[in-house]
Amino acid sequence: MKENTKVIAVPQDTVIEMQRLSYEMAARENILTFLVLQDKPINNNKNFAAYQAEYTALNAEYAKLKRELEIAYVLTQADGKKAKWELDYGTGNLTIEVE
């Protein structure tokens, strides 16, 4: 592991919620892509509007949780420097690489 890399265990409930939101967004994105690729207009499509609204709500929830994670863990480790991070859903480890 690099000297500028830190690994932190994130509470399991946070990991599970991040993973759930990520998967839910991906599912909605796949459905939206499918609907767009159909040979039908989407501007008045009730299904498209419903899935788009769900995706937007999930995305906002994910962004909020992501920001909370960054504030709680990444910013405290980065000490004002630029940092990249990745959350491993399988292990619950947050890997932070400070640049």
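Everything below is about the structure printed above this text.
One structure accompanies this document, and this report is about it. Only a predicted model underlies this, so the values are computations on that prediction, with no experimental measurement involved.

Conventions and cut-offs
Residues numbered from 1 in each chain as written. Predicted model: local features only at pLDDT ≥ 70, side-chain atom pairs only at ≥ 80, totals over all residues. Heavy atoms only, no water. Helix = DSSP H or I, 4+ residues; strand = E, 2+ residues; numbered from the N terminus. Rg over C-alpha atoms; globule rule 2.2 N^0.38 Å. Buried < 20%, exposed > 50% of the residue type's maximum accessible area, 1.4 Å probe, protein only. Contact = heavy atoms within 4.5 Å. Areas by Shrake-Rupley, 256 points an atom, 1.4 Å probe, with all protein chains shown as cover. Lys, Arg positive; Asp, Glu negative; His and termini not counted. Charge placed at Lys NZ, Arg CZ, Asp CG, Glu CD. Axes fitted to C-alpha atoms, helices over the stretch in contact; angles between N-to-C directions. Parallel < 35°, antiparallel > 145°, perpendicular 65-115°, else oblique. Left-handed = near helix turned anticlockwise from the far one by under 90°. Phe/Tyr/Trp six-rings, centres within 6.5 Å; stacked < 30°, edge-to-face > 60°.

So, on to the overall build of the chain. For the chain, the helix and strand inventory stands at two helices and three strands. Starting at the N terminus and walking to the C terminus, you meet the elements of the chain as β-α-α-β-β. Computed over C-alpha atoms, the radius of gyration of the chain comes to 17 Å, more than 25% over the 13 Å expected from 2.2 N^0.38 for 99 residues, which places it beyond the range of a compact globule. Principal-axis analysis of the C-alpha atoms places the extent of the chain at approximately 55 × 25 × 20 Å. With 99 residues in all, the chain has 24% of them scored as buried. Considering only residue pairs separated by 6 or more positions, the chain has 56% of its internal contacts joining residues 24 or more positions apart. Just so you have it, the chain exposes about 7000 Å², and 51% of that area is on carbon and sulfur atoms. Side-chain charges in the chain split into 12 positive and 15 negative, and the spacing between the mean points of these groups amounts to 4 Å.

All right, on to the packing of helix α1 (residues 12-37) against helix α2 (residues 46-78) then. At a minimum axis distance of 9 Å, the contact between α1 and α2 shows a crossing angle of 150°. For the element pair α1 / α2, the angle class is roughly antiparallel. In terms of crossing hand, the pair formed by α1 and α2 is left-handed.

With a phi angle near 50°, Asp79 is a residue other than glycine that sits in the positive phi range. Tracing the chain through its elements places Asp79 in the loop between α2 and β2 (83-87).

What follows covers the packing of aromatic side chains. The full count for this structure, using the stated rule, is one aromatic pair. Ring centres 6.5 Å apart and planes at 70° place the aromatic pair Tyr23 and Tyr89 in the edge-to-face group. Taken as a pair, Tyr23 in helix α1 and Tyr89 in the loop between β2 and β3 (93-98) lie far apart in primary sequence, 66 residues in all.

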